[in-house]
Amino acid sequence: MVCNDMNDKAAVVRRIRFRLNGRQREAQVASHENLVDLLVRLDLFGARESCGQGLCGCCTVLVDDIAVSGCLTLAQLVDGCEVHTVEGLAEKGKLDFVQQAFIDEGAFQCGFCTPGFVMMTHELLKRIPEPSEPEIREYLSGNLCRCAAYPEIIRAVQTAARNRPDPAGVAGEHA
Amino acid sequence: MRGFELVRPATLEEAIRLLDTDDPTVRPLSGGTAIMQMMKTGIFKPSRLVSLSSLAGDHSAITLDDKGFLSIGAMTTLAAVEHSQVVLQHAPLLPKVMKRLANVRVRNAATVGGALAHGDPHMDLPPVLAALDAEVIAQGPGGQRRIPVADLYAGYFETVLQRGEIIASVSVPPRNGCNSVYRKTTTRTADDWPALGVATSLGRGEGVLQHVRLFASAATERMTRLGSAEAHLRGNRPEAKLLEEAGRIAAQEVEVIDDAHGSAAYKVALVAVQVRRALHEALQQGSEQ
Ligand SMILES: Cc1cc2nc3c(=O)[nH]c(=O)nc-3n(C[C@H](O)[C@H](O)[C@H](O)COP(=O)(O)OP(=O)(O)OC[C@H]3O[C@@H](n4cnc5c(N)ncnc54)[C@H](O)[C@@H]3O)c2cc1C
Ligand code: FES
Ligand code: FES
């Protein structure tokens, strides 16, 4: 059964089709699965569920180029959508400018929160190419770092803004 | 979370038909940011969720009519409200409130309809929209009706929406020279849920307060109109003493609850202070124009 458009026929498990980091994918998805559950099943571990409540940003992914909490997104609803995760930012073995900036500034200790911060930084630089420090703080206030690398993270965002290749070089363009 | 049926109707009429049931485990799903939490914690176990996501195309417009009424479709995300130039011009309080409401990702997903229908008394939009005299346009099996946001809540997490009724849009009347303020007190972090929300809208004429709206939320079981404080202000000159008295009256009339955000005694004291400050701030804005 291939079912792109959901209709009102009862179904707890559905086959969905969506683009993941630029590649067309299909998956059998149960109604209660969230997007992080689905990504993990597809062997992507960058988005991870931590708080599970929309608070911490560890599960940040882009759905149709909008940053959302994967932990609060029902996986069946990405049917027909374009999903981008941290794994799709650069080719295998390479890093994109935001990831590189986080390394250059030492903006993490354990790294658990880093994929979420990197994805949110992409979204921020898309909206505000040269953000001020208050703008960075406000934008990233929904991302928590339990190692408290906040000063370094703010510097990493500033470095990324300076090193940004060109306005089109945002998440997903490498796919 | 256990399995349920997730359906995605293409029209509002179809969604209403799917929701027209006595079964309380059938509910609409918009941004999902609130309902997912309730499902994860086991408070809500759906048998069917009716996703309104396919209605976003038709029900997420922000428009202004020739009488100056702002209409915001129920599926409009909070982020779209935050960044809308039309909203900024005609209801500048709304984008301001968004800045401290949850976080970017939640605002990207959460909708105006969900923010109004959820009924959690801690939410910021209900008191703000009530102070602006906004009305909800609800569509149900029996047709359409308008409900003032001020009258939308029946209790804790409870609205007056009836079986099969969906919020289709919200209508905000023109400002008519009134100034509106929302003061949100959080006790843990700046973007936390409020311990108290106070929203006011004031209009002056001939040296006295003619138009007065005053609402409290978060500290209360449901959003509450501060009617006695409003009456004390209406028709009087807005002097410091009057505003202080209004704060005290508000603190007396409001029924506050104890919770993780603070004790009831603390919140009663907060009401008096924040009502007075909100009134001052609104008057200040008025005199700057
Ligand atoms: C981390 C976090 C922090 C938050 N902080 C704040 C905060 O500081 N201030 C604040 O105000 N809010 C806050 N919220 C709450 C947030 O505003 C709500 O979760 C959101 O507005 C709900 O909208 P939604 O579209 O996601 O609703 P959903 O979760 O889809 O639905 C919520 C409820 O409304 C019903 N519903 C949805 N749409 C309609 C409709 N059109 N007609 C009738 N019923 C409908 C659903 O059945 C459900 O019962 C926070 C949420 C999170 C996750
Ligand atoms: S795990 Fe999703 S925001 Fe924390
Ligand atoms: S680096 Fe450890 S949580 Fe951020």
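No experiment lies behind these values; they were computed from the predicted model shown.

1. Notes on the pairing of strand 11 (residues 179-185) of chain B
All names here are of chain B.
- With six of seven residues buried, strand 11 lies mostly within the body of the structure.
- In the sheet, strand 11 pairs with strand 12 (residues 196-205) via seven bridges, with the strands oriented antiparallel. Paired with R183 across the strands is V198, a residue of strand 12.

2. Topic: the sheet that holds strand 1 (residues 5-7) of chain B
Residues and elements named next belong to chain B.
- With respect to topology, three strands assemble into an open sheet ordered 1-3-2, the strand pairing being parallel. Two strands in the sheet have a free side with no partner beyond their single neighbour: strand 1 and strand 2 (26-29). Neighbouring strand axes in the sheet, compared pairwise and without regard to direction, differ in orientation by 25° on average.
- Pairing of strand 2 with strand 3 (residues 48-51) involves four bridges; the strand directions are parallel. Each bridged residue has a counterpart across the sheet, and for P28 the counterpart in strand 3 is V50.

3. Thoughts on the domain arrangement of chain B
- What the domain assignment reports for chain B is domain 1 (5-54), domain 2 (56-172) and domain 3 (179-288).
- If you average the C-alpha positions of domain 1 of chain B and of domain 3 of chain B, the two centres end up 35 Å apart.

4. A look at the domain arrangement of chain A
All names here are of chain A.
- Under the domain assignment, chain A is made up of domain 1 (13-88) and domain 2 (97-174).
- Its C-alpha centre places domain 1 at a distance of 21 Å from the equivalent point of domain 2.
- With 16 residues of domain 1 at the contact, the number on the domain 2 side is 17 residues.
- Regarding the contact of domain 1 and domain 2, the summed buried area is about 1400 Å², with carbon and sulfur atoms giving 61% of it.

5. Overview of the environment of B:A130
Residue and element names in this part refer to chain B.
- With respect to the element layout, A130 can be found in helix 8 (residues 125-131).
- Owing to a relative accessible area of 3%, A130 belongs among the buried residues under this scheme.
- Put simply, A130 and V172 are 42 residues apart on the chain and 9.4 Å apart in space, counted from C-alpha to C-alpha.
- Ignoring anything within four residues of it in the chain, the contact list for A130 reads V149, A150, F215 and M223.

So, how was this worked out
- Sequence order sets the numbering: in each chain, residues are counted from 1 along the sequence as written.
- Whichever chain is written first becomes A and whichever ligand is written first becomes 1, with later ones labelled in order.
- With the structure being a predicted model, the display of local features is reserved for residues of pLDDT at least 70 and the display and counting of side-chain atom pairs for 80 or more, all residues being used for whole-chain, interface and lining totals.
- The basis for the side-chain values is all heavy atoms of the structure; hydrogens and waters are excluded.
- Relative accessibility thresholds used throughout: buried, under 20% of the residue-type maximum; exposed, over 50%; partly exposed, between the two (1.4 Å probe, protein chains only).
- Numbering of helices and strands runs from the N terminus, with a helix taken as a DSSP run of H or I at least four residues long and a strand as a DSSP run of E at least two residues long.
- Pairing between strands is defined by DSSP: at least two bridges between them are needed.
- Interaxial angles span 0 to 180 degrees and are taken between N-to-C directions of axes, which are lines fitted to C-alpha atoms, for helices over the stretch in contact.
- The split into domains, and so the bounds of each, comes from an automatic or database assignment of domains.
- Only heavy atoms enter the contact rule, under which two residues are in contact if any of them lie within 4.5 Å.
- Buried area is understood as the total, over both parts, of accessible area removed when two parts are fitted together, assessed with a 1.4 Å probe.

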